[in-house]
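Coordinate analysis (summary)
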Number of protein chains: 2
Amino acid sequence: MNVSQEQTASHNLPPILQKKNKFTATNMYQRTVRLNISAPTQIVLAIGTELKVMLDRCAPPQSKSFSIRCTPNVHYKITPPITDKNALPYPLGPNTILLITMDTVSETAFDSKLSVRYYGEKTETLGDAILHLTAVEISLDVDADRDGVVEKNNPNKASWKWGPNGHGAVLLVNCDSESINNKKPDNENSDIGKVSDLKDMSKMVLRTNGPSQLPEGYKLSMHISQSTSESVRVFRPRTNTKTENLWKYQLLKLFLKDFLMVVGTDTLTQEVPYLGGSSELEFHVEGLRFPDKDFDGLVTINLSLLEPCGKGFPETPIFTDKVVFRVSPWIMTPNTLKPVEVYVCSTEDNYSFLKSIRNLVEKSGYKLKICHEYMNRGDRWMQDELEFGYIDSPHHRFPVVLDSPRDGDLQDFPYDALLGPDFGYVTRNALNEEVSSLDSFGNLEVSPPVTVNGKNYPLGRIIIGVAFPTARKGRNMTKVVQDFLWAQKVQEPIALYSDWLFVGHVDEFMSFVPAPDRKKFRLLLASPDAGYKVFKSLQNSGLGKAEMFPGKEEAISVNDLLSDKKLQAENRYVQNCIDWNRDVLKKELGLDDEDIIDLPILFKVMEEKNEDSVPRAVAYYPDMVNMIVLGDQLGIPKPFGPQVKGVCALEKEMCSLMEPLGLKCTFIDDFAPYHKLLGEVHCGSNVLREPFTVRWWNLEL
Amino acid sequence: MNVSQEQTASHNLPPILQKKNKFTATNMYQRTVRLNISAPTQIVLAIGTELKVMLDRCAPPQSKSFSIRCTPNVHYKITPPITDKNALPYPLGPNTILLITMDTVSETAFDSKLSVRYYGEKTETLGDAILHLTAVEISLDVDADRDGVVEKNNPNKASWKWGPNGHGAVLLVNCDSESINNKKPDNENSDIGKVSDLKDMSKMVLRTNGPSQLPEGYKLSMHISQSTSESVRVFRPRTNTKTENLWKYQLLKLFLKDFLMVVGTDTLTQEVPYLGGSSELEFHVEGLRFPDKDFDGLVTINLSLLEPCGKGFPETPIFTDKVVFRVSPWIMTPNTLKPVEVYVCSTEDNYSFLKSIRNLVEKSGYKLKICHEYMNRGDRWMQDELEFGYIDSPHHRFPVVLDSPRDGDLQDFPYDALLGPDFGYVTRNALNEEVSSLDSFGNLEVSPPVTVNGKNYPLGRIIIGVAFPTARKGRNMTKVVQDFLWAQKVQEPIALYSDWLFVGHVDEFMSFVPAPDRKKFRLLLASPDAGYKVFKSLQNSGLGKAEMFPGKEEAISVNDLLSDKKLQAENRYVQNCIDWNRDVLKKELGLDDEDIIDLPILFKVMEEKNEDSVPRAVAYYPDMVNMIVLGDQLGIPKPFGPQVKGVCALEKEMCSLMEPLGLKCTFIDDFAPYHKLLGEVHCGSNVLREPFTVRWWNLEL
């Protein structure tokens, strides 16, 4: 026996006998490495990786047993386990495997060592296989616990889970514009123009620890997939050399303000510097697109350690760390959220309307923004051209306007007037689809938070209007916009039937107002039944000669109105259509009848023939449900109903329905500049609201 | 009080007091209907629907209370509940609601009735609102419990759940061709050519019960969404009139063999006949496309009852029943499944190879199919042009060939020779992508069933080869094919690194063979280390002068081979590449080292420069892992190794590794017609295998 006691004493015992190793085989990446008898093998080991050596594979012929020695920071384990630890050298079987780990990083390259000695039949030495080892620690880190700080090596950093007990980092689509002149959304700019743009990005940190340089030929490489490259760009401060130290690097970052794209559009992989010692390299991750039909919103970024395979051969990734982000969805804000700014158009014919709105907004303490005629070119339908929403992350959030494919004369307003620093812009273009009136965003609303059969929608549900699925002909919202809305996921949309209306918008028959009780809101629905009830009650009270539209050329007595059989038939049809929607809304929002208020509104069928030659309805008098909701202040289209003792019977009915909820009604005359053009107060305005306090990633989806 | 005791006696008590109603409000569709004082209202009620009447809505002015009477088959309930049932008439509040259900169908139209009488302050009658009711039963049915029979109104028919306790009907893509002449896949034919085609479709039954005709203006309509119309077509036997009875209809079905498309391509909605009485109308549902990136495989079909809304107004859907199907994924068959047919090409230079294959296949008891030269035009790579798989449903299954976008001279074979009755065809065209050698299906394999960290893959996992994600340049399988494979879901793919090979196929370094023990299979991997071990052992045994490739112009002694440093370096690189894949396969298939067998195979780097100027490897001698597996018979490329006592040392080593598993090795000389053209036995053959006994819908996904 030529293996002396002295020799074996310096061998490390298998780590399982020494101390509990912090990595276990199941969560550790195992890497197969080869030994070589003729020359030492150099290996770089990323901490967290287990090296697996098939001892028989490169053993000299006739090898029967082996022994192992190594420096103290190297740990090993043999499988199948050696039963008799004292029977040195250990017997070599065809499946004998050596597993090697290290748990402290190297100070210099190849400062650690493990050697295997092979013995023959008579324990004569047949050869030594030597491994020179360098251990490095590599961790690509993100804010996976969503507290605004990039923690070190979160075990959940490579996956995404919804909910308050969930995890996973968040990314914003960088769709605002840091520039005010020559602006375009920052995600359409290939470089970073201003340092302020960094706050729209998510931080990602590469933490490394090891020798001052990686051994010759080893590299760090960041890489993403082809499809991810359409969704994300990663930037880092420009550095001059790989070897500069952290101090220098911080200096550059402060003074040069110069950033380099690492991976992103057209660049799937790129080397990143290894800074040496214990270092942190900061990256800035920019989201490029919103979740959509072809993109679930998840983005994976990988960082690999590459090993050289000899001259002329490509490098092999020997360790890969990865992180996952989810792009923030675009989130709509219901009427129950606090207003910030009210938007309205100024036209040559709406001076007094504008004055009424200004009074209401100023009284309520919000800000009024007027879109002037040079911009709106006479298009007054502020509700229809755009929808306000926002995006949110633990580190930053800002409003984002969704620009409708409607593209009326207001079409430049969202881009030219709204897009700016911390005000994002997104749109969807209907390429091969016909855009109809149903693509106007009066046809895109959102409910307050609801719970439906135990399922929570703490951000509410989006509501759009379409044609009946059973209709052979009919108008719909374009598929590109519908796909976008459904893909945001956090406000699961409901499709109502709005094609029965000439204009075809859900805001013509429904709205939400805040309430102190029950579900904290009421759904308001236009109701011809409720309308007829008011008129019949007037007739019954002997007021049949009172006039609807008093003093206007449309004036008509209550008696004449009630005797119009055609109008009755039309309103029976309209009530049918609204009732169908009522039933859907009750089911999809989990509402009781007590959560719904029927407003007295009559409709009439538009005489003008449309292309489908289907009768379609418009409001007979100003459509009170089409209101603007500013906290407890309601701006309601003035209905011009019959006067009873100097009070409009319809206004009185409206007030009696709203005031018990603590709401204050202001009736705004929109007759000439809006109602006669088939819209009302809501169609002609838009409200930017505060975001939800509930964060979207805390939803249980 | 003018409500006599006699009158109220005939009023039904609220159903909750009479008997347990089989529908509860939570699972029942609630429909709002209006009453009318001036004329009776006609209502058709689908059983399972609850009618909701807001009693205050159309009450005459000054109404204070009400009473109800109805025919015995009508049930009603009042909310808020009447506390004192004897206090007739009941008080009328603003939120008083009447809920009406029926649980037996009508024999004639409007044979049931409910009336509401409204009373004033002094219980004087103010008016009666009368409902004339017709109850019908409508159920669109599918085989949601997957037993091959379309059961009635399965409560789970409108959703899909994976697993043995799951539910949801199954659809096949009708991708075979009933015709042999002028054939094309049946899903590309807009009509049904042969009655035999019906067996490739799923049955769907519309069960109705009610009066002999629906009341005037009511209709049944089947409808699907725009995106569903790309995935499915629904047919029914052509009928002459809506009123014909079931007997007539059965007769037509037998004799006319004439089918009509109800919904599908370009037809989103269509009326379907109501047959009257208790009837069944059979539909045949045809799948048109496989799951893919833009299609999750789920298809919803709706059937609505439409109510007329008066002359000139569109009908309203008042009841909708829906069913869901999932399209069968395309499923690959691993080497461990029983072969059915072996496919191989006949070329002008492969006569003796073909003879060897014929011997092996006939010995094994399987069928040999030869693709002749007029069809293969010299392209011998039968493995590369196509992959066999199958689709499965409770009622039918058949093999489906996936045609590679490779499109060599064999390109017409899958369509021209394989597509036929009960033999389906599917392909993916790379429109804007470059097709590379990695798109050949030697680069598409599937593992036997595995369990990985507790997750079962009872149909195995698909394996493809791509470039390293860290490589700046590299070849990949086209995205269209990768997207297709991932979308099938039931054999979740694994991407290996195969771009290090000149040809670039995973079958050049791996295969699976059946085994009696452990996981019931072994993974075979090519191993230069194992190869060198054989040659060194020969040298050590004094056989260094024995020749590799004996008798061939390539002949080289073991000593010369072992002293080739360049070859050693190349094989070290190759072993690195294979080890990388070994580590991935162990992790992704949950394998232990004992599940893997290293086969003695050397590689060399191809001298020919490729466009990426990256060195790429080919087998140095016939690549034994590239074998054909037929049950326990292995057809292995004859390696032409050094002869020891008349026996090839490589064959001997191979046998010693395979025979303990009960496998029989037949070495087939493919040197000239395959090996020298950079392929081997596996590349030159293909095997159609029996499907799994495990059904894909029983997977827990």
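Notes on the structure follow. Since we're looking at a predicted model, the values are computed, not measured. (Residues numbered from 1 in each chain as written. Chains lettered and ligands numbered in written order. Predicted model: local features only at pLDDT ≥ 70, side-chain atom pairs only at ≥ 80, totals over all residues. Heavy atoms only, no water.)

1. Some remarks on the overall build of chain A
We count it as follows: The helix and strand labels rest on DSSP assignments: H or I over at least four residues marks a helix, E over at least two residues marks a strand, and numbering proceeds from the N terminus. In this description the radius of gyration comes from C-alpha coordinates, and the expected globular size is given by 2.2 Å times residues to the power 0.38. Each residue is placed in one exposure class: buried if its accessible area under a 1.4 Å probe, protein chains only, is under 20% of its type's maximum, exposed if it is over 50%, and partly exposed if it falls in between.
When you go through chain A residue by residue, the secondary structure sums to twelve helices and 42 strands. Against the 2.2 N^0.38 benchmark of 27 Å for 701 residues, chain A shows a C-alpha radius of gyration of 35 Å, more extended than a compact globule. For the C-alpha atoms alone, the extent of chain A along its principal axes is close to 125 × 50 × 45 Å. Looking at chain A as a whole, 60% of its 701 residues qualify as buried.

2. Quick notes on the sheet that holds strand E15 (residues 269–272) of chain B
Residues and elements named next belong to chain B. For clarity, the cut-off: A pair of strands is treated as paired once DSSP finds two or more bridges between them. What counts as an axis is a line fitted to C-alpha atoms, over the stretch in contact for a helix, and the angles between N-to-C directions run from 0 to 180 degrees.
The five strands are arranged E10-E18-E17-E12-E15 in an open sheet whose pairing can be described as mixed. Either end of the sheet is taken by a strand with one partner, and the two such strands are strand E10 (169–171) and E15. Taken over all neighbouring pairs, the strand axes of this sheet differ in orientation by 35° on average, direction set aside.

3. Topic: the sheet that holds strand E24 (residues 424–427) of chain A
Residues and elements named next belong to chain A. One open sheet holds the four strands; their spatial order is E19-E22-E23-E24, and the pairing between them is mixed. A single partner strand is all that each edge strand has here, and the edge strands are strand E19 (331–332) and E24. Of the strand pairs in this sheet, strand E22 (residues 386–392) and strand E23 (residues 397–403) are connected by seven bridges, and their pairing is antiparallel. When the bridges of E23 are listed, Glu387 appears paired with Leu402.

4. Overview of the interface of chain A and chain B
By a frequent convention, interface size equals the accessible area lost on bringing the separate parts together. Rules: Note on contacts: a residue pair qualifies if any of its non-hydrogen atoms lie within 4.5 Å across the two residues. Put simply, buried area is the surface a 1.4 Å probe can reach on two separate parts but cannot reach once they are joined, added for both. Basic side-chain nitrogens of Lys or Arg form a salt bridge, by our definition, when they fall within 4 Å of a carboxyl oxygen of Asp or Glu. We call Asp, Glu, Lys and Arg charged. Ala, Val, Leu, Ile, Met, Phe, Trp, Tyr, Cys and Pro are nonpolar, and the rest, Gly among them, are polar.
Taken together, the contacts link 60 residues of chain A with 60 residues of chain B. Together, Arg34, Arg57 and Thr470 of chain A form the three largest contributors to the area buried by chain A at its contact with chain B, with a combined 12%. The tally of links from chain A across to chain B stands at nine salt bridges. Its salt-bridge partner being Arg57 of chain B, residue Asp579 of chain A comes within 3.0 Å of it at the nearest N-O pair. For the side of chain A that touches chain B, the secondary-structure elements that each account for two or more residues are strand E1 (29–33), strand E3 (49–54), strand E12 (219–223), strand E15 (269–272), strand E17 (298–307), strand E18 (316–327), helix H9 (528–540) and helix H11 (565–589) of chain A. Sort the elements by how many residues they give to the side of chain A that touches chain B and H11 of chain A lands first, with twelve residues. The class makeup of the residues in the side of chain A that touches chain B is 21 nonpolar, 16 polar and 23 charged.

5. Brief notes about the state of the cysteines
What is meant by a disulfide is a covalent connection between two cysteines, made through their sulfur atoms. Let me state the cut-off plainly: For this text, the term disulfide refers to a pair of cysteine sulfurs within 2.5 Å.
For the structure shown, the criterion picks out zero disulfides over all chains. Here Cys371 of chain A is not cross-linked by a disulfide; its sulfur's nearest cysteine counterpart is in Cys345 of chain A, at 4.3 Å. Unpaired in terms of disulfides, Cys683 of chain B finds its nearest cysteine sulfur in Cys345 of chain B, a separation of 12 Å. Given a relative accessible area of 4%, Cys683 of chain B falls into the buried group.

6. Looking at the relation of the copies chain A and chain B
The test is simple: Copies overlap after least-squares fitting; the atoms used are the C-alpha atoms of residues with pLDDT of at least 70 in both.
In the superposition of chain A on chain B (RMSD 0.0 Å, axial shift 0.0 Å), the rotation amounts to 180°. Taken together, the rotation angle and the small translation identify this as a two-fold axis. Of the C-alpha atoms belonging to chain A, the one lying closest to the rotation axis is found on Asp294 of chain A, 3.4 Å away. A shared binding surface is used by both copies, with 100% of the interface residues of chain A retained as interface residues in chain B.

7. Some remarks on the packing of H9 of chain A against H11 of chain A
Residue and element names in this part refer to chain A. Filter applied, for reference: Should an angle fall under 35 degrees it is taken as roughly parallel, and over 145 as roughly antiparallel, whereas 65 to 115 is taken as roughly perpendicular and any remaining angle as oblique.
Running from N to C, H9 and H11 point in directions that differ by 140°, and their axes come no closer than 8 Å. Classed by the angle they form, the pair H9 and H11 counts as oblique. Where H9 approaches H11, its residues Pro528, Asp529 and Tyr532 are matched on the opposing element by Leu567, Gln568, Asn571, Val574, Gln575 and Ile578.

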